[in-house]
Amino acid sequence: MRPDILNPLFAAADSLKGVGAKLEKPLGKLGLTRVKDFAYHLPDRFIERRQIGALAEGGIGEHVIVRLTAKQYRASSTGRGPFRVVAEDDAGERIALTYFGRASYSAKKLLPLEEPRWVAGKLEQYGDTLQMVHPDHVAEDGGAALGQTCEPVYPLSDGLTAGRLQPLIEQSLAILPELPEWIEPSVMAKRGWPAWREALQRVHRARDKAASDRLAYDELFASALALMLVRADNRRRKGPAIQGDGHLRDKLDLPFALTGAQRRSIAEIEGDMAQPHPMLRLLQGDVGSGKTVVALLAMLNAIECGKQAALLAPTEILARQHHATLQEMARGTGVEIALLTGRDKGRARESILMGLLDGSIHIVVGTHAIFQESVSYRDLGLVVIDEQHRFGVGQRLMLQQKAKGTAHCLAMTATPIPRTLLLAQHGEMSVSQLDELPPGRKPIDTRVVAVERMDDVVAGLLRHVEQGKQAYWVCPMVHEHEREDLAAAEERFDTLKQVLGPDNVTLVHGQLRPEIKDENMARFASGECAVLVATTVIEVGVNVPNASLMVIEQAERFGLAQLHQLRGRVGRGAAESVCLLLRGQALSETGRERLALMRETQDGFRLAEEDLRLRGGGEILGTRQSGETAFHVASPEQITDLLEAAHDDAQLLMDRASSELEGPRGEAARIALYLFERDYGVQLLRGG
Ligand code: ADP
Ligand code: MG
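Residues numbered from 1 in each chain as written. Chains lettered and ligands numbered in written order. Predicted model: local features only at pLDDT ≥ 70, side-chain atom pairs only at ≥ 80, totals over all residues. Heavy atoms only, no water.

S.K.: How do you make sense of the nonpolar core when you look at a structure like this?
M.R.: Across soluble globular proteins, you tend to see nonpolar side chains buried next to one another. Within the largest apolar cluster, 96 residues are counted, with the highest numbers of intra-cluster contacts made by Phe38, Trp182, Trp196, Leu200, Leu225 and Leu675. It is helix 8 (residues 209-236) that provides the largest number of residues to this core, a total of 15 residues. Counting only domains with at least three residues in this core, you end up with domain 1 (1-44 + 155-173) and domain 3 (242-434). In this structure Trp182 touches Trp196, Arg214, Asp218, Phe221, Arg665, Ala668, Ala669, Ile671, Ala672 and Leu675, once residues within four positions along its chain are discounted. Judged by nonpolar contacts, the second largest core, of 37 residues, contains Met273, Val293, Val294 and Met299. (Core = buried A, V, L, I, M, F, W, Y, C linked by side-chain atoms within 4.5 Å. Buried < 20%, exposed > 50% of the residue type's maximum accessible area, 1.4 Å probe, protein only. Helix = DSSP H or I, 4+ residues; strand = E, 2+ residues; numbered from the N terminus. Domains from an automatic or database assignment. Contact = heavy atoms within 4.5 Å.)

The following block contains the structure:
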């Protein structure tokens, strides 16, 4: 149960004054659904303003507050251009206050002729006059009426203005309770950090490193603590010690020899499964490193002991592909492998559920559908989770609960995770690395191409297809509105169809009905169709060895980790593979650096480290896609700086409070876990 003291923070957004049905959607887009979300909606930056006596004191580009008197209105002659208010400062110097669109109507009201007003905004030069475009504030008297000279700038969404959001944030800050302190007092003292409530109020007022660090630390601490609780709980649990005799694995007829890294990982997994506690292991291996066969061997190990295994995939496409691959690989073993997705209904579904219950199905592959209550197993011994970063720890625990908390768990990820983040995001697990690719993989020729050369790229694609080879064409999801992104992908789909012929191109994106998506995907996978136009749904796992060209549009919009994942879709067959990164015109420094790195290296770990570093640089554009960290408050820089200390602090608390979070600081720490929604950690406590 959530501690009462937190209840006001978890109240729904519409308990704030001014939140009605109309704001629900724009607020939801920003994740602002509860009061606490507003308090934790932190400014991107601050506008620092200076109050000046005359325009001559301000610099071009500076944000100022100055007293001005409107002298003249100038509407554009066509009626379509901007509306200008010509105004004078007290010294008689002139400036144009420029308004576009609907704002023109209010300009006259805000700035009546011959009446002085305090105006806040950014000074710009326009030709040989000064101008201010859309002044931020206009007030009748006193610069102070314009609010702080330091104004927070918040992330906004369509339909939500700063003027609307600001008072909601103010309300949320006003009701923050005082919370008991969960941070070690010596840490607080050494770093000079404020208490929680004060810290949260301060970060909205001005740039404040101490306050911001404290809040980031809270999040890292809660996360580390929750993972430690999971780990401790796991050690206490009994699990079936599984040691298969190899009779099924002997029947496997693999067309290749395992790599050294695969053999080592399998040995580590077998070692864990032989223990009388549930395994918690993360198998980390770059795209194409061969995780599937490792998973299969672990599953066969369980089945040899009369257990069942479940493989959870993040998407339906991937579940289908896994199902097909496993069936193919395990053909000679007689193992029964079923596929269960949300789409299976009626009798087919019933028969799978029966098979899981009576044990005639040994392996089930599926999406979240295998979580559902109606699904019961006879004896689930191993849960494999592919692309584990798509699922939260909470979801994983839920699946384990299905096996009465005793199933072994193997999580897999192709996302190379920098060491610092590994501890933060997967600190509860042991890690096996597949740091060696199967032999014979050829490097992928990666080139950066200006989008102006689109015609050449399309001509190249045509030649590629004429040679009987296949290609991916990826369009990014970059717009505020998903519809616009889909329009872009569909438009590309149409133009490519015109060049390559309508039967040669297919399209996959998230908005398609699942059966259409699968059908299109299958046409590409079978080779019937040469080109797959896709949004990033192809990101994980898809394996089509005959595809040897990858084109990524607006590549600068993607994070490095994601570009790396996408590129990993090619280079899987015998042919030389090419990856073309199309770049737009407005290329930022960071964007440029990312693309250069992609050209330079194919080492996923190096790219992951660089990704973290570049994101730490605070670039805003293009980060939406760059792979999420599990943190909302802590920035990549703060993760790097503070994680280890937070981790140690959590460890210390675990030791002192005997991993049951007893005593006053233990109580406080529980509050932190609930606050950061890491309460699955608390629920594992014996008394929790
Ligand atoms: P990922 O780690 O990305 O899930 P997969 O398991 O899909 O990789 O394997 C990628 C490809 O490599 C598959 O076609 C698989 O059959 C092949 N493969 C896996 N292990 C080996 C190996 N030891 N030698 C050669 N090919 C392998
Ligand atoms: Mg895979």
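Having seen the model, we can carry on.
S.K.: How should I be thinking about the domain arrangement of the protein chain in this particular structure?
M.R.: A common way to express how large an interface is: the accessible area buried when the components associate. Segmentation of the protein chain into domains returns domain 1 (1-44 + 155-173), domain 2 (59-153), domain 3 (242-434) and domain 4 (445-601). Computed from C-alpha coordinates alone, the two centres of domain 2 and domain 4 are separated by 47 Å.

S.K.: So what exactly am I meant to see when it comes to the packing of aromatic side chains here?
M.R.: Aromatic ring pairs are reported here in terms of the distance separating the ring centres and the angle at which the planes meet. Counted according to the given criterion, the structure contains four aromatic pairs. Each ring, one from Tyr40 and one from Phe676, has its centre 5.8 Å from the other, and the planes form 65°; the classification is edge-to-face. Here Phe676 lies in the loop between helix 22 (663-675) and helix 23 (680-683) and Tyr40 lies in the loop between helix 3 (35-39) and strand 1 (45-48), a separation of 636 residues in the sequence. For Tyr40, a relative accessible area of 13% translates into the label buried. You can call Phe676 buried: its relative accessible area is 8%. Each ring, one from Tyr73 and one from Phe83, has its centre 5.8 Å from the other, and the planes form 35°; the classification is tilted. Of this pair, Tyr73 sits in strand 3 (residues 63-75) while Phe83 sits in strand 4 (residues 83-88); the two residues are 10 residues apart in sequence, bridging distant segments of the chain. (Phe/Tyr/Trp six-rings, centres within 6.5 Å; stacked < 30°, edge-to-face > 60°.)

S.K.: Sorry if this is basic, but what is going on with the confidence of the model for the protein chain here?
M.R.: Detailed conclusions should not be drawn from predicted coordinates in areas where pLDDT is low. In the predicted model, the protein chain carries a mean pLDDT of 87, and 91% of its residues have values of at least 70. Contacts of residues 617-628 to residues separated by more than four positions or lying in other chains number 26 contacts, the stretch itself having pLDDT below 50. (pLDDT = per-residue confidence, 0-100.)

S.K.: Looking at this structure, how should I read the packing of helix 21 (residues 636-656) against helix 22?
M.R.: In a pair of packed helices, the angle between the axes and the distance between the axes together describe the arrangement. One way to put it is that helix 21 packs onto helix 22 with a least axis distance of 10 Å and a crossing angle of 130°. Classed by the angle they form, the pair helix 21 and helix 22 counts as oblique. At the point where helix 21 passes helix 22, the crossing takes the left-handed sense. Packed against helix 21, whose contacting residues are Asp649, Leu653 and Arg656, the element helix 22 presents Arg665, Gly666 and Ala669 at the interface. In terms of residue class, the contact of helix 21 with helix 22 is built from two nonpolar, one polar and three charged. (Axes fitted to C-alpha atoms, helices over the stretch in contact; angles between N-to-C directions. Parallel < 35°, antiparallel > 145°, perpendicular 65-115°, else oblique. Left-handed = near helix turned anticlockwise from the far one by under 90°. Nonpolar A, V, L, I, M, F, W, Y, C, P; charged D, E, K, R; others polar.)

S.K.: Before we go on, may I ask you to explain the environment of Ala424 in this structure?
M.R.: Inspection of the secondary structure assignment puts Ala424 in helix 14 (residues 419-426). Among the residues examined, Ala424 registers a relative accessible area of 4% and is labelled buried. Those residues in contact with Ala424 that lie beyond four places of it in its chain are Ser223, Leu227, Phe631 and Leu643.

S.K.: What exactly am I supposed to notice about the sheet that holds strand 13 (residues 337-340) here?
M.R.: By way of backbone hydrogen bonds, the strands of a sheet pair with one another, either parallel or antiparallel. Reading across the sheet, the seven strands line up as 13-14-12-15-16-11-17 and stay open at both edges, with parallel pairing between neighbours. Since the sheet does not close on itself, it has two edges, and those belong to strand 13 and strand 17 (430-434), each with one partner. Each strand axis lies, on average, 20° off the axis of its neighbour in the sheet, ignoring direction. Judged from the four bridges that link them, strand 12 (residues 308-312) and strand 14 (residues 363-366) form a sheet pairing that is parallel. (Pairing = 2+ DSSP bridges.)

S.K.: What's the story with the pattern of salt bridges in this structure? I'm lost.
M.R.: Side chains carrying opposite charge are able to pair once their charged atoms draw close together. Following the criterion strictly, the structure yields 40 salt bridges and no others. Between Lys36 and Glu677 there is a salt bridge whose closest N-O contact spans 3.2 Å. With Lys36 in helix 3 and Glu677 in the loop between helix 22 and helix 23, the pair connects residues that are 641 residues apart, well separated along the chain. Overall, the relative accessible area of 9% leaves Lys36 in the buried class. Overall, the relative accessible area of 36% leaves Glu677 in the partly exposed class. Between Arg453 and Asp456 there is a salt bridge whose closest N-O contact spans 3.3 Å. Classification of Arg453 as partly exposed rests on a relative accessible area of 46%. Relative accessible area serves as the criterion here: at 45%, Asp456 is assigned to the partly exposed category. One network of salt bridges, in which partners are shared, links Arg34, Lys36, Asp37 and Glu677. (Salt bridge = Lys/Arg side-chain N within 4 Å of Asp/Glu carboxyl O.)

S.K.: Please explain the pairing of strand 3 as it appears in this structure.
M.R.: Side-chain positions along a regular strand alternate between the two faces of the sheet. Relative to strand 3, strand 2 (residues 50-51) runs parallel, the two sharing two bridges. By the bridge assignment, Arg50 is partnered in strand 3 with Val64. Direction of pairing for strand 3 relative to strand 6 (residues 116-122): antiparallel, over a ladder of seven bridges. In the sheet register, Val64 faces strand 6, and the bridge partner there is Gly121.

S.K.: Can you walk me through the sheet that holds strand 20 (residues 505-508) in this structure?
M.R.: If you trace the six strands from one edge of the open sheet to the other, you get 18-23-22-19-21-20, paired in parallel fashion. In this open sheet, the two edge strands, each paired with only one partner strand, are strand 18 (444-450) and strand 20. With direction set aside, neighbouring strand axes in the sheet form an average angle of 20°. Sheet analysis places strand 19 (residues 470-474) next to strand 22 (residues 547-552), joined by five bridges and oriented parallel. When the bridges of strand 22 are listed, Ala471 appears paired with Leu549. Where helix 15 (residues 454-466) meets the sheet, its contacts fall on strand 18, strand 19, strand 21 (531-534), strand 22 and strand 23 (577-583), and the angle it forms with strand 19 comes to roughly 150°.

S.K.: Help me understand the environment of Asp90 in this model?
M.R.: Its location among the elements puts Asp90 in the loop between strand 4 and strand 5 (94-99). Taking the C-alpha atoms as reference points, Asp90 and Glu304, separated by 214 residues in sequence, lie 89 Å from one another. Of note is the side chain of Asp90, whose polar atom sits 3.3 Å from the side chain of Arg67. (Polar contact = N/O pair within 3.5 Å; in protein donor to acceptor, adjacent residues only side chain to side chain.)

S.K.: Where do I start with the site of ligand 1 in this structure?
M.R.: Neighbouring residues of ligand 1: 16 residues in total, closest Ala257, Gly288, Lys291, Thr292 and Arg441. Note that an oxygen atom of ligand 1 is positioned 2.6 Å from one of the backbone N or O atoms of Gly288. Classifying every residue of the shell around ligand 1 gives five nonpolar, seven polar and four charged. (Near = heavy atom within 4 Å.)

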